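These are the residues of each chain, in order.
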Amino acid sequence: MASPALLMRVVASAYTVAEKAATIVRNVMAAGDLGIVDKTGDNDLQTKADRLVQMSICASLAQKFPKVTIIGEEELSTDEVTEELIEDGQCEEILKKTCPAQYAGIKEEELVIWVDPLDGTKEYTEGLLDHVTVLIGIAYEGKAIAGVINQPYYNYEAGADAVLGRTIWGVLGIGAFGFQLTEAPAGKHIVVTTRSHSSTLVNDCISALNPDSVIRVGGAGNKIIQLIEGKASAYVFASPGCKKWDTCAPEAILHAVGGKITDIHGNSFQYNKEVKHMNSAGVLATLRNYDYYASRIPNTVKQSLVP
């Protein structure tokens, strides 16, 4: 039997690496010392979990795929990575899937992996554990083509015996797995947006959409999960602040199930390694009915956000 294509091996590794990351996230929380560092201001925190998880993900993937470009949120060297942070396994279920033909010939040096070791750090420090995700996005020719989202605390409110955590993964042309795809209630306009980075612009944009309800939660990964599980019909963030590592994995999963994500102007995100990290023109994402929301973004908002 032919060995699995590179892309499938990378995704299969990213899956087990994300599960390892979730264990680290839970262990840091359980040990009680989050080791919080304030990077730039009170909404830009970094914890011991951010640091350990990024070292674990980047070192594990770099060891297996040395020519892949890996870009992580935290500025860290991988020199001091200890052996217990390395995850060498691969998800067998993913290796069994057939790689889509258009990606079958990809070489290592053509892939860029965008890593957010702990998306929703602020929520993590505040105990809003279901907001937290680990994001590993895989890009080729500037496009997000595969992604892994791990929710370390999925199910944490289900009681002491609950199995914690889940891993969602997707590849364009194959689909997305690890959750139940559900559409938001028809005819309802439920907007999910930022919890901790609100502004007049963010709120003006949302009121222009005239939503039935607004959900404010942390983490880009978590917001995309709200869309694919039918809890929200649009994710709208009319502000800079979101970065490429926030959107790459969620974009791949959303696109794999037929959704759409762009900036506020309708431009696609680019994920080649030279690209600037900030998504400076905000985010607009839906599972269905993208055009409805895109057509209602006010010009004043668009003029305020330069791509």
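For the chain, the name recorded in an unreviewed UniProt entry is 3'(2'),5'-bisphosphate nucleotidase 1, with Alca torda as its organism. UniProt annotates the chain under Sequence similarities (unreviewed entry) with the comment "Belongs to the inositol monophosphatase superfamily." The chain has a UniProt comment under Cofactor (unreviewed entry) that states "Mg(2+)".

A few points about the state of the cysteines
Counted according to the given criterion, the structure contains 0 disulfides. With no disulfide of its own, Cys 205 lies closest to Cys 242 among cysteine sulfurs, the gap being 14 Å.

Some points on helix 5 (residues 200–208)
Three or more residues of helix 5 are buried, namely Val 202, Cys 205 and Ile 206. Down the axis of helix 5, the smallest arc covering the buried residues is 95°, so these residues share one side. In the core, the buried residues of helix 5 are packed alongside strand 9 (190–194), strand 10 (213–217), strand 11 (234–237) and helix 9 (299–304). Looking one or two residues past helix 5, Asn 210 carries a phi angle of roughly 50°, positive in sign.

Quick look at the sheet that holds strand 3 (residues 69–72)
Spatially, 3-4-5-6-7-8 is the arrangement adopted by the 6 strands of the open sheet, whose pairing is mixed. Only two strands of the sheet have a single neighbouring strand rather than two, namely strand 3 and strand 8 (175–177). Here the average twist between neighbouring strands, direction ignored, is 15°. Of the strand pairs in this sheet, strand 5 (residues 133–140) and strand 6 (residues 143–151) are connected by 7 bridges, and their pairing is antiparallel. Its bridge partner lying in strand 6, Val 134 is registered against Asn 150. Here helix 1 (residues 6–31) sits on the sheet in contact with strand 4 (111–119), strand 5, strand 6 and strand 7 (166–171), set at roughly 30° to strand 6.

A short note on the domain arrangement of the chain
For the chain, the assigned domains are domain 1 (6–174) and domain 2 (190–304). Of note, the centres of domain 1 and domain 2, computed from C-alpha atoms alone, are 21 Å apart. With 38 residues of domain 1 in contact, the opposing surface of domain 2 contributes 30 residues. For the pair domain 1 and domain 2, the two sides together bury roughly 2600 Å², of which 63% comes from carbon and sulfur. Of all residues in domain 1, Trp 114, His 131 and Ala 144 bury the most surface against domain 2, accounting for 24% of the area lost on that side. Connecting domain 1 to domain 2 are 3 salt bridges. With its nearest N and O atoms 2.6 Å apart, the salt bridge here joins Arg 195 to Glu 126. The interface formed by domain 1 and domain 2 includes 8 residue pairs in polar contact (both at pLDDT 80 or more).

Section: the sheet that holds strand 13 (residues 283–286)
The mixed open sheet is built from 5 strands, whose spatial order is 10-9-11-13-12. Each edge of the open sheet is held by one strand with a lone partner, namely strand 10 and strand 12 (260–262). Taken over all neighbouring pairs, the strand axes of this sheet differ in orientation by 20° on average, direction set aside. Both strand 9 and strand 11 contribute to a ladder of 2 bridges, which runs parallel. When the bridges of strand 11 are listed, Val 191 appears paired with Ala 234. Running over the sheet, helix 6 (residues 220–228) touches strand 9, strand 10, strand 11, strand 12 and strand 13 and is turned about 150° from strand 11. Helix 7 (residues 244–256) rests against strand 12 and strand 13 of the sheet, and its axis sits at about 145° to strand 12.

Rules and cut-offs
- Residues numbered from 1 in each chain as written.
- Predicted model: local features only at pLDDT ≥ 70, side-chain atom pairs only at ≥ 80, totals over all residues.
- Heavy atoms only, no water.
- UniProt positions renumbered as here; feature names shortened; annotations may be inferred.
- Disulfide = S-S within 2.5 Å.
- Buried < 20%, exposed > 50% of the residue type's maximum accessible area, 1.4 Å probe, protein only.
- Helix = DSSP H or I, 4+ residues; strand = E, 2+ residues; numbered from the N terminus.
- Arc of directions from axis to C-beta.
- Contact = heavy atoms within 4.5 Å.
- Pairing = 2+ DSSP bridges.
- Axes fitted to C-alpha atoms, helices over the stretch in contact; angles between N-to-C directions.
- Domains from an automatic or database assignment.
- Buried area = accessible area lost by both parts, 1.4 Å probe.
- Salt bridge = Lys/Arg side-chain N within 4 Å of Asp/Glu carboxyl O.
- Polar contact = N/O pair within 3.5 Å; in protein donor to acceptor, adjacent residues only side chain to side chain.

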